[in-house]
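Per-entry structural report
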Amino acid sequence: MAGPLGIIAGQGGLPVALAGAVAASGRGVVLAEMEGHPSGVPGNHPVVPFRVERLGALFRGLRAHGVEEVAMAGILHRPDFDPRRFDLKTLRLVPRIFRGLKAGDDALLRMVIAIFEENGFRIRGAHEFLPDFVASAGAMTRNAPSEAQARDAERGRAILSAIGAQDVAQACVVARGLCLGIESIYGTDALLSDVARHRPERRPETGGTFVKVAKPGQEMRADMPVIGPATVAGVAAAGLDGICLEAGRVMVLDAGEAVRLAEEKGISIWAI
């Protein structure tokens, strides 16, 4: 039996699902949680609290629990640093970390993965333990996409392909060919809230498709795109009626509830 899996656990449903699946397989779980940002993962799993300024302590804490493999899951916001708290390990990495913080999310996560690997840890993707969560091609809801939704999805995919190469955006909203919003560093919830806020004063008032894909060449071990019931609720609040995902490269949390809510709200979900 492999040693425990270390989970760099942010917030949201993914670390909960990941820890549950790993524990159900009989494997141990060790949670690494950023101070002040509990993951909410239930159970009596050992917890290694950490600060980004003290990576040496994080690595020692994981090794003390026998962790050799690490997965990253959940929402972790870019931290504010307190230079007075740097340990020697982190101090040596400061120029590299600061360069990463100025880059896009994928570049930053690649840097984080490289640092973990250089310190003897193997990085695993959450999707490796949750294969049933990965969207398959085809319609997930009974209501298949309309021709208009499919056209909006095609337009959205073209937009994301063009800007994804710049390490920007996994999602956008398109209605009748018009781009109503593009995901920024603030994430999907902010995108959908922004669309919901502006729609009453602009056209088209209703309809449109939320498109979620992985960036070209994205590091899937650390940041496979994810949606869930909360995303569906945000799509409904924004007056949209379609959700198009990239098959094989987007995960769906609590898919049964997401589909139930989508069908209740008249929203089509499909993957291509």
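Just above sits the structure.
Keep in mind that this is a model prediction, so the values were computed, not measured. (Residues numbered from 1 in each chain as written. Predicted model: local features only at pLDDT ≥ 70, side-chain atom pairs only at ≥ 80, totals over all residues. Heavy atoms only, no water.)

The next thing to look at is the overall build of the chain. The helix and strand inventory of the chain stands at 10 helices and 13 strands. Seen along its three principal axes, the alpha-carbon backbone of the chain occupies a region of about 55 × 40 × 30 Å. Every one of the 272 residues in the chain was classed for burial, and the buried ones make up 48%. Residue pairs in contact within the chain that sit at least 24 positions apart in sequence constitute 74% of those at least 6 positions apart. For the chain, the computed accessible surface area is about 12800 Å², with 53% contributed by carbon and sulfur atoms. Taking the 31 positively charged and 31 negatively charged side chains of the chain as two groups, their mean positions are separated by 5 Å. (Helix = DSSP H or I, 4+ residues; strand = E, 2+ residues; numbered from the N terminus. Buried < 20%, exposed > 50% of the residue type's maximum accessible area, 1.4 Å probe, protein only. Contact = heavy atoms within 4.5 Å. Areas by Shrake-Rupley, 256 points an atom, 1.4 Å probe, with all protein chains shown as cover. Lys, Arg positive; Asp, Glu negative; His and termini not counted. Charge placed at Lys NZ, Arg CZ, Asp CG, Glu CD.)

Before going further, it helps to examine the sheet that holds strand β11 (residues 242-245). Spatially, β6-β13-β11-β9-β7-β8 is the arrangement adopted by the 6 strands of the open sheet, whose pairing is mixed. Bordering the open sheet on either side are β6 (138-139) and β8 (178-182), each of which pairs with just one other strand. Two elements, strand β7 (residues 171-175) and β8, share 4 bridges in a ladder whose sense is antiparallel. The residue bridging Cys172 from the neighbouring strand is Ile182, located in β8. Each of β7, β8 and β9 (209-212) touches helix α7 (residues 188-198); the most contacted strand, β7, lies at about 25° to it. (Pairing = 2+ DSSP bridges. Axes fitted to C-alpha atoms, helices over the stretch in contact; angles between N-to-C directions.)

Pairing is possible between side chains of opposite charge, provided their charged atoms come close. Following the criterion strictly, the structure yields 16 salt bridges and no others. Between Glu69 and Arg122 there is a salt bridge; the shortest N-O distance is 2.8 Å. Pair noted here: Glu69 is in strand β4 (residues 69-73) and Arg122 is in strand β5 (residues 122-124), with a separation of 53 residues, a long-range link. Measuring nitrogen to oxygen at the nearest pair gives 2.6 Å for the salt bridge that ties Asp194 to Arg197. Of this pair, Asp194 and Arg197 both sit in helix α7, 3 residues apart, roughly one helical turn. With relative accessibility at 52%, the residue Arg197 sits in the exposed group. (Salt bridge = Lys/Arg side-chain N within 4 Å of Asp/Glu carboxyl O.)

Looking now at the packing of aromatic side chains. Per the counting criterion, the structure on display carries 3 aromatic pairs. Ring geometry for Phe59 and Phe116: centres 5.1 Å apart, planes at 75°, overall edge-to-face. Of this pair, Phe59 sits in helix α2 (residues 55-64) while Phe116 sits in helix α4 (residues 105-118), and the two are 57 residues apart along the sequence. You'll find Phe59 and Phe116 in the same group, each marked buried. Of the aromatic side chains, those joined through ring pairs into one cluster are Phe59, Phe116 and Phe121. (Phe/Tyr/Trp six-rings, centres within 6.5 Å; stacked < 30°, edge-to-face > 60°.)

Side chains Gly242 and Cys244 of β11 all project onto a buried face; the interleaved residues Ile243 and Leu245 project onto the opposite face, where all are buried too. Looking at chain direction, β9 and β11 are connected through 4 bridges and run parallel. Within β11, the position partnered with Thr209 by the bridge is Gly242. By the bridge criterion, 4 bridges tie β11 to strand β13 (residues 268-271) in an arrangement that is parallel. Counterpart to Ile243 in the pairing with β13 is Ile269.

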